[in-house]
Amino acid sequence: MIMNRIVALLALVVVLYSCNNDDGGANVEPPLPLSEVLVDDEAKIQEYLKTHYYNYTEFESPAEDFDYKIELKVIPEGNTEIVPLSEQVTSETVKVTGNTGDGDEDVSHTYYYLIAKEGAGGSPTYADSTFVKYEGTLLNGDRFDGTDNYIWQYLPNTIRGYAQGFSQLQAGGEVVVEDNGTYSITDPGVGMVVMPSGLGYFNNLQGGIPAYSPLVFTLELGVFVKDTDYDNDGIPSILEDVNEDGNLNNDNTDGDVSNNSFLYNHRDSDDDNDGILTRDEIEIDENGVITYPDTDGDGVVDYLDSDS
Ligand SMILES: [Ca+2]
Ligand SMILES: [Ca+2]
Ligand SMILES: [Ca+2]
Ligand SMILES: [Ca+2]
């Protein structure tokens, strides 16, 4: 599932529109302030991390038939020997900009991740295409989504905490194809991530996920496409974050829409909508180094400048 972020944003726009629409449209609550929700989420996450553990002993001394799957369990009351997740996770912070009805606010959101098994390969960015397995649960352990087989996911089309989590993992080594057509990936990276709802679906209702739910994902990273260029315009997606806030889904230089979705720069092959492809408004040398001409010298590079 991992709902397309763009659909989520359009849903939010529809929600806001509905709220301003007094002719008897849908009665939808405006979203709660991002900062208030975060305080609640953070308390719930801390409690979760203190009271849960994963099967780390199996990862430390794996049996021959161990499947390298993370299992998350509640620490039995009174047990002081089991190491809780709170002592094993690493935290990272990203900025979230949210419209709460009274305008935008920027709020730093912390997510927590751990690496149960390092992969043999490199790490993707949050802007890359990845070949993954995952399982998503609520803090109460209810599973809402997951896949047993590898699937391709372009991380900017997922939720931000999930994409950030995968950017911490390492991919596997080689893809081994058997004679019968099945394949496996050697030494994939395995880990997990816990995130507040501001890095998840926030107030958007998703199948099995109540509004404002912190989320837990176990993650396995098979392979990824380095410097993914989703719109094939010559600029890797990671470099199409024009406002450099770590979110590709709020940069739409020309403000255009396609199929009811905002055509953000990372999925737009003509970023300034001047009829000249971005690919033809940049220069890429034989080493892959990109330069960005500014023909009219106005400080706006050609591919983002609709009048040059
Ligand atoms: Ca951005
Ligand atoms: Ca655009
Ligand atoms: Ca583009
Ligand atoms: Ca253009």
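Participant: Which residues make up the domain arrangement of the protein chain, and what values do they have?
Facilitator: For the protein chain, the assigned domains read domain 1 (29-225) and domain 2 (237-304). For domain 1 and domain 2, the distance between their C-alpha centroids amounts to 30 Å. Contacts between the two partners involve nine residues from domain 1, matched on the other side by 10 residues from domain 2. Here domain 1 and domain 2 share zero salt bridges between them.

Participant: Describe the pattern of salt bridges, listing the residues and the values that go with them.
Facilitator: Considering all chains together, one arrives at four salt bridges under this definition. The closest approach of N and O atoms between D187 and K117, which form a salt bridge, is 3.8 Å. Residue D187 is found in the loop between β8 (183-185) and β9 (189-195), and its partner K117 is found in strand β4 (residues 104-117); the two are separated by 70 residues along the sequence.

Participant: Before we move on, could you go through the coordination of the calcium ion (ligand 3) and cite the residues and values that matter?
Facilitator: At the metal site, the calcium ion (ligand 3) is ligated by D231 (OD), D233 (OD), E240 (OE), E240 (OE), N265 (O), D268 (O), D271 (OD) and D271 (OD), and these contacts range over 2.2 to 2.7 Å. For the calcium ion (ligand 3), the single-chain donor residues occur in sequence as D-x1-D-x6-E-x24-N-x2-D-x2-D. A residue pair is termed long-range when its members are at least 10 positions apart, and E240 in the loop between β10 (215-225) and β11 (257-258) and D268 in the loop between β12 (261-262) and β13 (283-284) qualify at 28 residues. No difference in accessibility class separates E240 from D268, as the two residues are buried.

Participant: Help me get a handle on the coordination of the calcium ion (ligand 4), residues and values and all.
Facilitator: The coordination sphere of the calcium ion (ligand 4) contains the protein donors D270 (OD), D272 (OD), D274 (OD), I276 (O) and E281 (OE), at a distance range of 2.2 to 2.4 Å. In terms of primary sequence, the donors binding the calcium ion (ligand 4) are separated according to D-x1-D-x1-D-x1-I-x4-E. Of this pair, D270 sits in the loop between β12 and β13 while E281 sits in the loop between β12 and β13, and the two are 11 residues apart along the sequence. Exposure remark for E281: the relative accessible area of 7% places this residue in the buried category.

Participant: Quick one: what's the story with the pairing of strand β5 (residues 129-138), residue by residue and with numbers?
Facilitator: Within β5, eight of the 10 residues are buried, which leaves the element mostly enclosed by the surrounding structure. Summarising the sheet, β5 and strand β6 (residues 143-154) pair through eight bridges and their orientation is antiparallel. Looking at the pairing, E135 lines up with G146 of β6. Connecting the antiparallel pair β5 and β6 is a turn made up of four residues, with G141 showing a positive phi of about 90 degrees. Pairing of β5 with β10, which is carried by 10 bridges, proceeds in the antiparallel orientation. If you follow F131 over to β10, its bridge partner there is V223.

Participant: Residue-level account of the nonpolar core, with values.
Facilitator: Formed by 34 residues in total, the largest nonpolar core has its most connected members in Y162, F166, M195, L215, F217 and L219. Going through the elements one at a time, α2 (34-51), β3 (90-99), β4, β5, β6, α4 (160-168), β9 and β10 are the ones with two or more residues in this core. Among the elements that take part in this core, β10 stands out by supplying four residues, more than any other. Beyond its immediate chain neighbours, meaning those up to four positions away, L215 contacts T137, L138, F144, I159, V193, V194, M195, G200, Y201 and I209. The next biggest cluster of nonpolar side chains, apart from the first, holds 21 residues, and it includes I45, I75, L114 and V190.

What counts as what
- Residues numbered from 1 in each chain as written.
- Chains lettered and ligands numbered in written order.
- Predicted model: local features only at pLDDT ≥ 70, side-chain atom pairs only at ≥ 80, totals over all residues.
- Heavy atoms only, no water.
- Domains from an automatic or database assignment.
- Contact = heavy atoms within 4.5 Å.
- Salt bridge = Lys/Arg side-chain N within 4 Å of Asp/Glu carboxyl O.
- Helix = DSSP H or I, 4+ residues; strand = E, 2+ residues; numbered from the N terminus.
- Donors = N, O, S within 2.8 Å, 3.2 Å for Na, K, Ca; no water.
- Buried < 20%, exposed > 50% of the residue type's maximum accessible area, 1.4 Å probe, protein only.
- Pairing = 2+ DSSP bridges.
- Core = buried A, V, L, I, M, F, W, Y, C linked by side-chain atoms within 4.5 Å.

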